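Residues per chain are reported as follows:
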Amino acid sequence: MKKIINQPDNYIKEMLEGIYIAHKDDLTCVDGDLQVLVSKHKKEGKVGIVTGGGSGHLPLFLGYVGKGMIDGCAVGDVFQSPSVDQAIALTRDADQGAGVLYIYGNYNGDIFTFRPAADEVEMEDDIETAEVLGADDVASAGPSAPGEKSTRRGVAGIFFVYKCAGAAADKMLSLEEVKRVADKANNNVRTMGVALTPCTVPRVGKPSFEIEDDEMEIGMGIHGEPGIRRGKLEPADQIVDEMLEKIVADLPYKKGDEVAVLVNGLGATPLDEQYIVTRRINQVLEEKGISVYKYYVGEYATAIEMAGFSISLLKLDDELKEYIDHPVDTPFFKQV
């Protein structure tokens, strides 16, 4: 294991200490717990939006805490969920009198953290809560039937859910309306990724899986969960074509649709390569008659140092375009 760290057991503590130092004007923690990270910029009467999950995915999750997006994040160890007590403290801090919306990925550990926290604050503090579970990874399971719980994983597409819900809350919409907007974004975003290399959790000290130098895995998850196909590494255009075909067919997206596109590096993919991918995405969507309203390219949801990328498409209407365009000012993402 080659990493620029001290002791593996101090990885999260020292990472968070560095973040608070670098962003001292914008971020703080609750009651001295570094793993309950919140924005310093309160807005009385606004719906609070909080999230949480394991570390190792920067800028997801805590990187989107700030003006116009979310209000706080419960930070777990690498690929591990935060505690219920941390989620409770986070919720109490985020409540500004209008209730709190939880937005987090569809993973059992996080569900078992946030749902008991919601029960506690509703009973003890009379804080109204609601939740939206990111479940955008089309490779992880088939689509759920109407009314059925999705079993899909939440991956990079949750960025769009934060973006739209955060804008709605910033416009002082009610908890019911902010949840409606978050659900709308969540229901219209689809993602698929490809991995070229494994990643190494510091406490473990060895790669999370093995893959040959000349191989790739289509559909792999951001913790190294199995994908849908492993094979020889192909040219960028072929990889994009296969991924986009599955993404577009799933909603489905169709001719005349307008979308926002997220090209997301998984931690070790150069921007040069991400823009080669972007070029091909644009060609394919043009051929399909799908117009792109906005591109986001870069690191948005990583898997420590995994090489690879994901593609997310968000189907837009006039309402969602308004929220996509809304200004954001967070330490890790800004939009004017």
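Residues numbered from 1 in each chain as written. Predicted model: local features only at pLDDT ≥ 70, side-chain atom pairs only at ≥ 80, totals over all residues. Heavy atoms only, no water.

Q: Help me understand the pattern of salt bridges in this model?
A: Pairs may arise between side chains of opposite charge once their charged atoms sit close together. According to the stated counting rule, one finds 35 salt bridges in the structure shown. Two residues, Arg-92 and Glu-120, come together in a salt bridge whose shortest N-O distance is 4.0 Å. With Arg-92 in helix 2 (residues 84–94) and Glu-120 in helix 3 (residues 108–124), this residue pair connects regions lying 28 residues apart in the sequence. With a closest N to O distance of 2.6 Å, Glu-319 and Lys-184 form a salt bridge. Here Glu-319, found in helix 8 (residues 318–325), pairs with Lys-184, found in helix 5 (residues 175–187); they are 135 residues apart in sequence, far enough to count as distant. Here Lys-184 falls in the partly exposed class, since its relative accessible area comes to 22%. Salt bridges sharing common partners tie together Glu-177, Arg-180, Lys-184, Asp-317 and Glu-319. (Salt bridge = Lys/Arg side-chain N within 4 Å of Asp/Glu carboxyl O. Helix = DSSP H or I, 4+ residues; strand = E, 2+ residues; numbered from the N terminus. Buried < 20%, exposed > 50% of the residue type's maximum accessible area, 1.4 Å probe, protein only.)

Q: Mind showing me how you'd approach the sheet that holds strand 12 (residues 308–315) here?
A: Backbone-to-backbone hydrogen bonds pair the strands of a sheet. The strands run either parallel or antiparallel. Within the open sheet, the six strands sit side by side as 9-8-7-12-10-11. Their pairing is mixed. Strands with a single pairing partner mark the edges of an open sheet, and in this sheet they are strand 9 (229–232) and strand 11 (291–298). Between one strand and the next, the sheet's axes are offset by a mean angle of 15 degrees, whatever the strand orientation. Strands strand 7 (189–195), strand 10 (258–265), strand 11 and strand 12 of the sheet are contacted by helix 4 (residues 158–170), whose axis makes an angle of about 125 degrees with strand 10. (Pairing = 2+ DSSP bridges. Axes fitted to C-alpha atoms, helices over the stretch in contact; angles between N-to-C directions. Contact = heavy atoms within 4.5 Å.)

Q: Would you mind going over the environment of Val-292 with me for this structure?
A: Positionally, Val-292 belongs in strand 11. For the pair Val-292 and Gly-154, spaced 138 residues apart in the sequence, the C-alpha separation amounts to 23 Å. Sequence-distant contacts of Val-292, defined by excluding residues within four places in its chain, comprise Val-259, Val-261, Asn-282 and Leu-285.

Q: What is the right way to read unusual backbone geometry from this model?
A: Comment: phi is negative for the bulk of residues other than glycine, and the bulk of peptide bonds are trans. Going from Leu-58 to Pro-59, the amide bond is cis rather than trans, its omega being 10 degrees. Residues Leu-251 and Pro-252 are joined by a peptide bond in cis, for which omega reads -5 degrees. In this structure, Pro-252 sits in the loop between helix 6 (236–250) and strand 10. Its identity is not glycine, yet Asp-126 carries a phi of approximately 55 degrees, on the positive side. Positionally, Asp-126 belongs in the loop between helix 3 and strand 6 (129–134). Phi is positive for Met-172, which is not a glycine, with a value near 70 degrees. Here Met-172 lies in the loop between helix 4 and helix 5. A relative accessible area of 37% means that Met-172 is categorised as partly exposed.

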